[in-house]
Structure formats: C-alpha cells, structure tokens
Amino acid sequence: MKALTYHGRHDIRYGDVPDPAVTGPADAVVRVTAAGICGSDLHIYEGNAFSPELGYTPGHECVGVVVDTGSQVTRFKPGDRVLVPASVGCAQCRQCAAGFTARCERATSSTELCYGVGPKLPGSQAQALAVPQADVNLVHVPEDISDEAAVVLTDNAPTAWYGCRRARIQPGETVLVVGLGPVGLMAAQSAFAMGAARVLGVDLVEERRAFAAGLGVEPVEGDDVRSAVRDMTAGRGPDAVVEAVGSDATIQLACKAVRQAGRVSVIGVSQNKAFPFHMYLAQVKELEFAIGLCSVHYELPPLIALTRAGRIKPEVVVSHRFALSDGPAAYELFAGRSDGVRKIVLDPTG
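Residues numbered from 1 in each chain as written. Predicted model: local features only at pLDDT ≥ 70, side-chain atom pairs only at ≥ 80, totals over all residues. Heavy atoms only, no water.

Peer 1: Got a minute to help me understand the UniProt feature "domain: Enoyl reductase (ER)" (unreviewed entry) in the protein in this structure?
Peer 2: Feature annotation in UniProt places "domain: Enoyl reductase (ER)" (unreviewed entry) on residues 8–346, given in this structure's numbering. Between the C-alpha atoms that bound residues 8–346 the distance is 21 Å, and the span itself is 29% helix and 19% strand. (UniProt positions renumbered as here; feature names shortened; annotations may be inferred. Helix = DSSP H or I, 4+ residues; strand = E, 2+ residues; numbered from the N terminus.)

Here is the structure:
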C-alpha cells in the first residue's frame, strides 16, 4: 500500500510500505478514508522525534472503514465506519479499563501509547492502519458526523476538552487560550461550551487570530501580550489559561498572565526535560498548574454528543485538504504556517 514515511528532519516521503494485517485475534485493519496532520507530527518533522528510528509511517488521526477483524473482535465488523483514537489502550490494565489510555500501566514507552511516533505502531498517514485490541481502540462514527469532524475528534478536540476540563472552567469565567492552531481553536469552543463568558486568544499568526475572532474569541493584539491581557481584564488577569503550544515561552506566559489563584492547564507538547519552572511565582500567586496527555477514549463521549447537537463544530478548524501523495508538500505548508493553514486533512485515495 501507499503511505508517508519519516526519514529525518524535513524529510517526509510518499511510497510503498507493507500492507497491514490482522496479527492477533483481537486486532483489526481499517481502510483510511481521511487522515490528519497534527501539531505533534511537526515535532517529528522538525527533527524532534519521539523515537530514534527512521522509515516509519507517522500520523495518529484518522477515520475509515473496517476491512478485517480477528476472531475475538465482537463490537466491530467489516464495513463499519470508525474513528481511531490517537491514544492506544492495552484493554487489560486498570487505567485502560477506565478509559485512561494515556496512563496505561503496561506500556513501557510513548511509542506504545500512540500511533505513528515510532515503528512499533505504524501511523495513520497511509491507505490502511492496523489497530490492536480493536474492541477498545475503535469508535463507531454516527452517520451525521463528517469525516473531517471525525478526524478532529480523534485527537485535537479531545485534547482541547481535556485541557479545559483540567483548567476547571466555570460558567461566567474569562479564559485565555495560548496558541490558536487546531487544538487552541477547539479549546476555545470547549471553553464556551463549558460556560466561559469570554475567551481571549494569543497567536503570533495574524490570520489565525482573525479566524478565531469569527468563533467569538477576542484576539490579544500587540507585542506586550501580558500587558494587553491585563488591559482586557481590567488588570485582573484571566481566571484560567489553556496553553496549546508547548514552548518554554508560552508556558511561562500562561503562568504570568493568569490571575491570582488562577488555573493553568498545559496541553501543548513540551520536550524540554529541564523546563525552568518559576516555583516562587507559582507559590506567591497560589497557582494551580496542570499538565498531561489526553486519554482520547475517556474524553470522546461528551464530544460526540456535543458535535451531533451542534454545540461544537470540529470541522471548522480544517483549512486544507491534500491527496496523500502530496503529503510532503502538506507538511511543508503546515510547518510554514502560511496560506491561512490551520488543519490539514489527507485523502489516502489520492
């Protein structure tokens, strides 16, 4: 089959890879009808990979149709339309049984918890994907949810919802979202769905700020973001900040911008093993700080219901569509943040 493969910094290739197959009685194979490129994939593209190996297929966001199942799969059959959650559960440990797949007690590395971050679980930017423990790691997609919305529901939307939930957003509060890519835009929608009265948004890209404004977000303008946020909140600061970038600068901004006794929730992926956390500032401000990885399985049920009710619209974050064969160009565009790019969906049939 055809797939994208990673060969080093800025080196994504389109070509042939072995067809996936059912290798265990609990597994399945899904024909991919739409796959996304995630901000986390850009870490790999920029050479900050989660695994030292090369030549594997990246990607952890896809929707498709089941084409084969093992003998022990009972909840799915060939022909079922499904989304594949980015996080992978073992279906055996206590945490996975509760839906907290990111906390899997049996996994020994991140390459066992997510597709496309190493060769152990080949990724979804391909014509087909092998899914372990299919009864746990597949989700039926209602017919009234589009492929594009479903792709966003595999990772971006649940991560955003998780970040807002851990920020403990309350009705009537003011929330600041740092980073207005797909996750940040979904965090804004999630905050409104949780009852936020105002959502402020920070991003370096003017086009992203303008698009967010169309969703009801109040863009923070100017070079001195912290002062601008203070001015927009009468000197108080937001009640909660959801950080969706993962850089040192944006995490520090979140901690400094939030109000006294406020809450900061970091969902941007940070690979800094020596982050200079300002402990004194956190203590003096009585700061609540949350950080973690989303267990998609746990967050999905309310998001599917909210999507079907029209309370959130995951598909609006999608800005570009590429054939899978044009994947290298799609990565280049996404990394350059040009042409108004927010979210790219790949079509494996092209």
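Following the structure, the description resumes.
Peer 1: So what exactly am I meant to see when it comes to the pairing of strand 8 (residues 174–178) here?
Peer 2: Within strand 8, five of the five residues are buried, leaving the element largely enclosed by the surrounding structure. Neither face of strand 8 is left uncovered, since the one carrying Thr174, Leu176 and Val178 and the one carrying Val175 and Val177 both have all their residues buried. The parallel pair strand 8 and strand 9 (residues 198–202) is bridged by helix 6 (residues 182–193), and the resulting crossover is right-handed. Where strand 8 and strand 11 (residues 240–243) come together, four bridges link them in parallel fashion. Bridging from a neighbouring strand, Val175 pairs with Ala240 of strand 11. (Buried < 20%, exposed > 50% of the residue type's maximum accessible area, 1.4 Å probe, protein only. Right-handed = clockwise from strand over helix to strand, strands pointing away. Pairing = 2+ DSSP bridges.)

Peer 1: Any chance you could explain the environment of Ala28 here in plain terms?
Peer 2: You can see Ala28 is positioned in strand 3 (residues 28–37). Separated by 305 residues in the primary sequence, Ala28 and Leu333 place their C-alpha atoms 33 Å from one another. If we skip the residues at most four places from it in the chain, Ala28 touches Val22, Asp68, Thr69, Leu129, Ala130, Val131, Ala134 and Leu138. (Contact = heavy atoms within 4.5 Å.)

Peer 1: How should I be thinking about the packing of helix 5 (residues 156–166) against helix 11 (residues 296–308) in this particular structure?
Peer 2: Any two packed helices are characterised by how steeply their axes cross, that is the angle between the axes, and by the distance between the axes. Packing of helix 5 against helix 11 brings their axes to within 9 Å, and their N-to-C directions diverge by 100°. Judged on the interaxial angle alone, helix 11 and helix 5 are roughly perpendicular. Mapping the contact onto sequence places Ala157, Pro158, Trp161, Tyr162 and Arg165 in helix 5 and Val296, Tyr298, Glu299, Leu300, Pro302, Leu303 and Leu306 in helix 11. Classifying every residue of the contact of helix 5 with helix 11 gives 10 nonpolar, no polar and two charged. (Axes fitted to C-alpha atoms, helices over the stretch in contact; angles between N-to-C directions. Parallel < 35°, antiparallel > 145°, perpendicular 65-115°, else oblique. Nonpolar A, V, L, I, M, F, W, Y, C, P; charged D, E, K, R; others polar.)

Peer 1: Honestly, the pairing of strand 11 in this entry has me stumped. Any pointers?
Peer 2: Within a regular beta strand, the side chains point alternately toward one face of the sheet and then the other, so they alternate between its two faces. The two faces of strand 11 match: Ala240 and Val242 on one face and Val241 and Glu243 on the other face are all buried. When strand 11 meets strand 12 (residues 263–266), the two strands line up parallel, connected through four bridges. Across the sheet, residue Glu243 finds its bridge partner in strand 12, namely Val266.

Peer 1: I'm lost on the pattern of salt bridges in this one. Help?
Peer 2: For side chains of opposite charge, pairing can occur when their charged atoms come near one another. One pass over the structure, following the stated rule, counts 16 salt bridges. Residue Arg81 pairs with Asp147 through a salt bridge whose shortest N-O separation is 2.9 Å. In this pair, Arg81 is assigned in strand 5 (residues 81–84) and Asp147 in helix 4 (residues 147–153), connecting sequence segments 66 residues apart. When its relative accessible area of 18% is taken as the criterion, Arg81 is described as buried. Residue Asp147 is classed as partly exposed on the basis of its relative accessible area of 26%. Measuring nitrogen to oxygen at the nearest pair gives 2.6 Å for the salt bridge that ties Glu299 to Arg165. You can see Glu299 sitting in helix 11 and its partner Arg165 sitting in helix 5, a full 134 residues away along the chain. Owing to a relative accessible area of 2%, Glu299 belongs among the buried residues under this scheme. Beyond isolated ion pairs, a larger network of salt bridges with shared partners links Arg236, Asp239 and Arg259. (Salt bridge = Lys/Arg side-chain N within 4 Å of Asp/Glu carboxyl O.)

Peer 1: Which parts of the structure should I look at to understand the nonpolar core?
Peer 2: Inside soluble globular proteins, nonpolar side chains tend to come together where they are buried. In this structure, Ile169, Val175 and Val199 are the most contacted members of the largest nonpolar core, which totals 47 residues. Looking at this core, the elements that each hand over two or more residues are helix 4, helix 5, strand 8, helix 6, strand 11 and helix 11. No other element matches the six residues that helix 6 contributes to this core. Excluding anything up to four places from it in sequence, Val199 contacts Val175, Val177, Ala188, Ala191, Phe192, Gly216, Val217 and Glu218. (Core = buried A, V, L, I, M, F, W, Y, C linked by side-chain atoms within 4.5 Å.)

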